[in-house]
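# Tertiary structure, described
Residues per chain are reported as follows:
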2 protein chains.
Amino acid sequence: MGGDGGVNVTVPAAVQSVQKIVDLHLHLVGDEAKILPLLSQLGATQMTDRITVLHTSQRVCANDKPTNILRKGKTSSMFLAVELVKSGQVQAMVSAGDTGALLLSGRHLLKTIAGIDKPAIVATIPAASRQSFLLDVGANVDCKADQLFQFAVMGTVLAESLNLVAKARVGLLNIGVENYKGTEQVKLAAELLEGCDQIEYIGYIEGNDLYEGMADVVVCDGFVGNVTIKSSAGVASKVNRLLLEQTEGGLSNRFKGFFVRPLLAQLRTQINPSRFNGPSLLGLQGSIVKSHGNANIEGFFYAIQQAVNEVENSVPELITDRVATIMGAGN
Amino acid sequence: MGGDGGVNVTVPAAVQSVQKIVDLHLHLVGDEAKILPLLSQLGATQMTDRITVLHTSQRVCANDKPTNILRKGKTSSMFLAVELVKSGQVQAMVSAGDTGALLLSGRHLLKTIAGIDKPAIVATIPAASRQSFLLDVGANVDCKADQLFQFAVMGTVLAESLNLVAKARVGLLNIGVENYKGTEQVKLAAELLEGCDQIEYIGYIEGNDLYEGMADVVVCDGFVGNVTIKSSAGVASKVNRLLLEQTEGGLSNRFKGFFVRPLLAQLRTQINPSRFNGPSLLGLQGSIVKSHGNANIEGFFYAIQQAVNEVENSVPELITDRVATIMGAGN
C-alpha cells in the first residue's frame with residue numbers, strides 16, 4: 001500500500017515479477033478492494049498459485065510518527081507483512097512505505113543478528129563495472145566506530161554473495177585520504193578495520209570516487225549516507241531534465257531529438273535510479289527490502305528482484321555466520 | 001604554486017583575469033623562476049602595473065601535515081600571500097593549495113570575526129535559477145548547533161550581497177523534512193534559526209532538493225558538506241564521461257557526435273564545476289578564496305572572479321556587522 005504510487009505501482013510490479021522470476025510466490029498484504037480489481041485488470045486472477053492476497057484495510061500513514069506504529073499500527077499492511085517474515089510464511093518482505101516505520105517494525109519483530117547493534121540501510125550504487133554498496137543511508141544518524149565496523153562486515157557479506165567477488169574491498173567514506181582527516185568515529189573505525197584480517201579494508205574513499213568502483217562496499221553513518229545518495233540522485237535528475245529539454249522544442253530541436261533520444265535512453269539505463277532501487281535493511285534476522293517511495297513499476301520490480309537475490313544467497317544467515325566468526329577471532 | 005596544475009594553471013588564469021576584470025591588480029606569490037618565463041610566454045611582461053611578482057622558492061607541499069605550516073612554512077607562498085591580506089597590501093587572496101594549510105594560515109594570521117567560532121568553507125552550487133551556497137564543506141568535521149547557526153548568518157550575508165536577493169532563504173541539510181528527524185545538533189540549530197527574526201529560515205532541505213533552488217543558503221557540518229559536494233561532482237563527471245563515450249567511436253557514432261556535441265557543450269556550461277569554482281573561507285577578517293586543487297585555467301579564473309566579487313561587496317565587513325546586530329538583538 002505504501003509509496004507515492006501505492007497499489008498502482010506495487011501490484012503491476014508484483015505481476016511482472018511472478019511472470020519473470022521462476023518459482024516466485026508473492027503475498028500481497030493490503031486492501032483487497034484496491035488490489036483485486038487491479039489483478040483482474042492485469043489478467044492475473046488465474047495466478048492464485050503464485051499470488052496470495054492478505055487483506056487489511058489499515059496502513060501506515062506518511063504522517064504517523066514511527067513510534068505510533070507499535071502502539072496502534074499492528075494491523076497495518078506493513079506490520080502484518082513483517083509478521084509473515086517472522087512466522088516464516090515468507091522469506092522476505094518488500095515495502096515502499098515509510099523507512100522509520102519499517103525499521104521500527106523490523107527491529108521489533110525480527111530482532112537484530114547477534115553482534116549487530118542496529119540494522120543499517122544499504123543502497124546499491126552504480127559504480128564503474130559492477131554495483132557497489134553504500135551503508136548506512138539513513139537508519140542511524142549518529143554512529144559509533146563499532147557500528148561502522150559492523151556495517152563493513154554486513155556490506156562485505158552482501159557484496160561477496162551478490163556480486164560474486166572473492167574478497168569485497170571496503171572503504172570508509174571520508175573528506176580526504178590522509179589518515180589525520182575525518183571525525184573521531186571514522187578514525188577509530190579505520191583502526192578497527194585495519195586490525196581485522198577478515199575484511200579487505202582499502203582505506204578512505206572521498207565522495208568524488210564513490211562512482212569510480214574503487215570499493216565494493218563504502219561505509220558511513222546514516223546522515224552522511226542519506227544526504228550523499230539523495231544529492232547524487234538530485235544531480236542525476238537535473239541532468240535528465242537538461243537532456244529532455246534539449247530533445248523538445250522547435251523543428252531543429254526535434255531533428256536533434258531523433259539522434260539524442262537513443263543517447264538519452266542509454267544514459268538512463270546507466271544512471272537511472274530505477275535500476276538501483278531496493279535498499280535493504282541489513283542486520284535483522286530476516287530480509288526486508290525498502291523501495292524508494294517514489295519508485296515506478298520498473299523500480300519496484302527491481303526491489304522485489306533484490307529481495308529474491310538476498311533470499312537465494314541466504315544473506316541474513318551469511319551475516320550471522322560472518323559476525324560470529326569475526327567475534328570468535330577476537331575482533 | 002598550489003593545485004595539481006601549479007603555475008601552468010594559475011599564471012594563465014591570472015593574465016586572463018587582469019585582461020577581463022577592470023582595475024584588478026594581482027600579486028603573484030611564488031617562484032619567479034617559474035612565473036616570469038610563463039608571463040613572458042603569455043605576452044604579459046608589459047603588465048607590470050597590473051601584475052606584481054613576489055618571489056619565494058618555498059611552498060606548502062601536499063604531504064605536509066597542516067600543523068607543520070606554522071612551524072616551518074612561514075616563507076611558503078601560501079603563508080606570504082595571507083600575510084599580504086593581513087598587512088592590507090591586498091584585499092583578497094586566492095589559492096589552489098591544501099585546504100587544511102590555508103585554513104590554518106588564515107586563522108593564525110587574520111583571526112576570526114567576533115562572534116564566529118571558526119571559519120567555514122562555503123561552496124557555490126548550481127541551483128535552478130541562480131547559484132546557491134552550501135556551507136560548511138570541509139573546515140569543521142563536527143559542528144555544534146551554535147556553529148551551524150553562525151554558518152547560516154554568514155551564508156545569508158553572502159547570498160544577499162552576491163545574489164542581490166533581499167532576503168536569503170536558509171535551509172538546514174537533513175535526512176527528511178519532519179521535525180523529529182536528524183542529529184541533535186541539527187535539531188538544536190533549527191530551534192536557534194526559528195528564534196531569529198533576522199534570518200529567513202525555511203526548514204529542512206533533503207539532498208535531492210539541493211539543486212532545485214529551494215534555498216539560497218544550505219547549512220550543514222563540514223563532513224556532510226564535503227561528501228555531498230564531492231559525490232555530486234562525481235555523478236557529474238560520470239555523466240560527462242558517458243556523454244563523451246557516446247560521441248566517440250565508429251562512423252555512425254561520429255555522425256551522432258555531430259548532433260550530440262552542441263548538446264554536450266550546453267550541458268557542460270550548466271553542470272560544469274569550473275563555473276562554480278572558488279569556495280570561500282567565511283568568518284575570517286579578510287577574504288580568502290580556495291580554488292579546487294584540480295581546477296583548470298577557466299576554473300581558477302572563476303576563483304579570482306569570486307574574490308573580486310567578495311571585495312567589491314565588502315563581504316567580511318558585512319558579516320561582522322550582521323553578527324554584531326544579531327548578537328546585540330539577543331540571539
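It should be emphasised that the depicted structure is a prediction, and the values quoted were computed from it without experimental measurement.

Summing up its helical and strand segments, chain A has eleven helices and ten strands in all. Per-residue burial for chain A yields a buried fraction of 55% across its 331 residues. Carbon together with sulfur atoms contributes 50% to the accessible area of chain A, which is approximately 14000 Å² in total.

Once that is clear, we can look at the pairing of strand β3 (residues 92–95) of chain B. All names here are of chain B. By the alternation rule, side chains of β3 split into M93 and S95, which are all buried, and A92 and V94, of which none is buried. Bridging between β3 and strand β10 (residues 287–290) involves four bridges; their strand directions are parallel. By the bridge assignment for β10, A92 is matched with S287.

All right, on to the environment of M78 of chain B then. Examined against the element boundaries, M78 of chain B turns out to sit in helix α4 (residues 77–87). Spatially, the C-alpha atoms of M78 of chain B and A190 of chain B are 37 Å apart, while their sequence positions differ by 112 residues.

In this section: the sheet that holds strand β5 (residues 131–135) of chain B. Residue and element names in this part refer to chain B. Sheet architecture is open: eight strands sit in the order β3-β10-β9-β4-β5-β8-β6-β7, paired in mixed fashion. Both outer strands of the open sheet, β3 and β7 (200–205), are each paired with one neighbouring strand and no more. Across the sheet, the axes of successive neighbouring strands diverge by a mean angle of 30°, strand direction being ignored. Direction of pairing for strand β4 (residues 120–126) relative to β5: antiparallel, over a ladder of five bridges. Residue pairing across strands places I125 opposite S132, the latter belonging to β5. Here α4 sits on the sheet and contacts β3 and β10; the angle it forms with β3, its principal contact strand, is near 160°.

This brings us to the side chain of T10 of chain A. Considering the arrangement of structural elements, one finds T10 of chain A in helix α1 (residues 7–20). Beyond its immediate chain neighbours, meaning those up to four positions away, T10 of chain A contacts G2 and F300 of chain A.

Attention shifts here to helix α5 (residues 99–110) of chain A. Residue and element names in this part refer to chain A. Its twelve residues place the ends of α5 16 Å apart at the C-alpha level, agreeing with the 16 Å of an ideal helix rising 1.5 Å per residue. By the N-cap criterion, in which a side-chain oxygen at the helix start approaches the backbone nitrogen of a residue two or three places on, α5 is capped by D98, the distance to G100 being 3.1 Å. K111 lies just past α5 and shows a positive phi near 65°.

On to the packing of aromatic side chains. For the coordinates displayed, the defined rule picks out two aromatic pairs over all chains. The residue whose ring lies beneath K20 of chain A is F301 of chain A, and the NZ or CZ to ring-centre distance is 4.8 Å.

Moving on: the sheet that holds strand β3 (residues 92–95) of chain A. Residue and element names in this part refer to chain A. Here eight strands make up an open sheet; going across it, the order is β3-β10-β9-β4-β5-β8-β6-β7 and the pairing mixed. On the outer flanks of this sheet lie β3 and β7 (200–205), each paired with one strand and no other. Put simply, the sheet's adjacent strands are angled 30° from each other on average, direction ignored. Strand direction decides the pairing type here: strand β6 (residues 169–173) and strand β8 (residues 217–219), joined by three bridges, are parallel. By the bridge assignment, V170 is partnered in β8 with V217.

Looking now at the pattern of salt bridges. Summed over all chains, the structure comprises ten salt bridges over all chains. Here E206 of chain B makes a salt bridge to K230 of chain A, at a shortest N to O gap of 2.4 Å. Note that E206 of chain B is positioned in the loop between β7 and β8 (217–219) and K230 of chain A in helix α8 (residues 222–247), a pairing that runs across two chains. We classify K230 of chain A as buried; its relative accessible area is 18%. Among the salt bridges present, the one from E160 of chain B reaches R322 of chain B, with a minimum N-O distance of 2.6 Å. Taken together, the residues E160 of chain B in helix α6 (residues 145–162) and R322 of chain B in helix α11 (residues 315–328) connect sequence positions 162 residues apart.

In this section: the nonpolar core. A general trend in soluble globular proteins is that nonpolar side chains are found buried together. One finds L172, I199 and V219 of chain A together with L134, L172, I199 and V219 of chain B to be the most contacted residues of the largest nonpolar core, which totals 153 residues. The contact partners of I199 of chain B, leaving out residues within four places of it in the chain, are F149, A152, V153, T156, V170, L193 and I326 of chain B.

Residue and element names in this part refer to chain B. It is at 9 Å that the axes of α6 and α11 come closest, and there the two elements cross at 130°. When the axes of α6 and α11 are compared, the pair comes out oblique. Viewed along their axes, α6 and α11 form a crossing whose handedness is right-handed. Facing F149, V153, M154, T156, V157, L158, E160, S161 and L162 of α6, the residues of α11 in contact are V315, L318, I319, R322, V323 and I326. For the contact of α6 with α11, the per-class residue count stands at eleven nonpolar, two polar and two charged.

The peptide bond linking L135 of chain A to D136 of chain A adopts the cis configuration, its omega dihedral lying at 0°. Following the sequence through the fold, D136 of chain A ends up in the loop between β5 (132–135) and α6 (145–162). Non-glycine residue S314 of chain A carries a positive phi angle of around 50°. Assignment of secondary structure puts S314 of chain A in the loop between α10 (297–312) and α11 (315–328). On the accessibility criterion, S314 of chain A (31% relative accessible area) is partly exposed. One non-glycine residue, K111 of chain B, adopts positive backbone phi at about 65°. Assignment of secondary structure puts K111 of chain B in the loop between α5 (99–110) and β4. K111 of chain B gets classed as partly exposed once you look at its relative accessible area, which sits at 47%.

Reading guide: rules and limits
Residues numbered from 1 in each chain as written. Chains lettered and ligands numbered in written order. Predicted model: local features only at pLDDT ≥ 70, side-chain atom pairs only at ≥ 80, totals over all residues. Heavy atoms only, no water. Helix = DSSP H or I, 4+ residues; strand = E, 2+ residues; numbered from the N terminus. Buried < 20%, exposed > 50% of the residue type's maximum accessible area, 1.4 Å probe, protein only. Areas by Shrake-Rupley, 256 points an atom, 1.4 Å probe, with all protein chains shown as cover. Pairing = 2+ DSSP bridges. Axes fitted to C-alpha atoms, helices over the stretch in contact; angles between N-to-C directions. Contact = heavy atoms within 4.5 Å. Expected span 1.5 Å × (residues − 1). Polar contact = N/O pair within 3.5 Å; in protein donor to acceptor, adjacent residues only side chain to side chain. Phe/Tyr/Trp six-rings, centres within 6.5 Å; stacked < 30°, edge-to-face > 60°. Lys NZ or Arg CZ within 6 Å of the ring centre and 35° of its normal. Salt bridge = Lys/Arg side-chain N within 4 Å of Asp/Glu carboxyl O. Core = buried A, V, L, I, M, F, W, Y, C linked by side-chain atoms within 4.5 Å. Parallel < 35°, antiparallel > 145°, perpendicular 65-115°, else oblique. Left-handed = near helix turned anticlockwise from the far one by under 90°. Nonpolar A, V, L, I, M, F, W, Y, C, P; charged D, E, K, R; others polar.

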